[in-house]
Structures are given as C-alpha cells and as structure tokens.
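# A closer look at the structure
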Amino acid sequence: MRIGSSIFLIALGAILAFAIQAEVNFVDITLVGYILMAVGVIGLIASLLLAAPRRQNHVSESRSVVDPNTGETITRNEVRDSGL
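In short, a report on the structure.

### Some points on the packing of helix α1 (residues 3-19) against helix α2 (residues 29-51)
Where α1 meets α2, the closest approach of the two axes is 7 Å, and the angle between their N-to-C directions is 160°. With respect to α2, the element α1 is oriented roughly antiparallel. The hand of the α1/α2 crossing is left-handed. Looking at the contact of α1 with α2, its residues break down into 18 nonpolar, 7 polar and no charged.

Take a look at the structure:
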C-alpha cells in the first residue's frame, strides 16, 4: 500500500464515519469508516517507514605489505557495510 492509497482510505473512512448519516440494517457504516481510517493510518505509517532513507556506513580499508621472501608488494582491499 502506498502513501496515496493510505490517504484515500483515511479520507473515505472519515466520510463514512462522520459525514454519512444513512442507516443500513446489516452493516454499521460508522464502524466501517473507523476501520478504514485505522487501516489507512497503519498503511501510511508502514509506507513512511519503508520509504525512509536508511543510514549506511561504508568502511573502506586498504593495506599494502611487502613480502620479505619474494619482495613482492601485496595489497589487500576490504570494504565493510554496516548499514541497517
């Protein structure tokens, strides 16, 4: 569920809960409105949490060592990602 559909559900639920005074025998329109508003709020919170930028830490380390036996230079590159 995206942000737009969540806002739509909140608006539709508010209209059903507060603006419509019709009586239906088999369903309580006010309760349906409150349920739609609750689902919209939960969807909005979930959408905002999933769309939030995540903090990412990238650590790059490079080491160069000369091998004493061969005289060859050995370079080691290490990259660590400690993001969430």
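### Describing the environment of A19
Note on placement: A19 falls in helix α1. Between the C-alpha atom of A19 and that of T30, which follows or precedes it by 11 residues, the distance is 9.3 Å.

### Some thoughts on α2
For α2, built from 23 residues, the straight-helix expectation of 33 Å at 1.5 Å per residue is met to within 8% by its first-to-last C-alpha distance of 32 Å. Against α1 lie the buried residues of α2.

Reading the values: the criteria
- Residues numbered from 1 in each chain as written.
- Predicted model: local features only at pLDDT ≥ 70, side-chain atom pairs only at ≥ 80, totals over all residues.
- Heavy atoms only, no water.
- Axes fitted to C-alpha atoms, helices over the stretch in contact; angles between N-to-C directions.
- Helix = DSSP H or I, 4+ residues; strand = E, 2+ residues; numbered from the N terminus.
- Parallel < 35°, antiparallel > 145°, perpendicular 65-115°, else oblique.
- Left-handed = near helix turned anticlockwise from the far one by under 90°.
- Nonpolar A, V, L, I, M, F, W, Y, C, P; charged D, E, K, R; others polar.
- Expected span 1.5 Å × (residues − 1).
- Contact = heavy atoms within 4.5 Å.

Take it as geometry only, folks, not as evidence of what the structure does.
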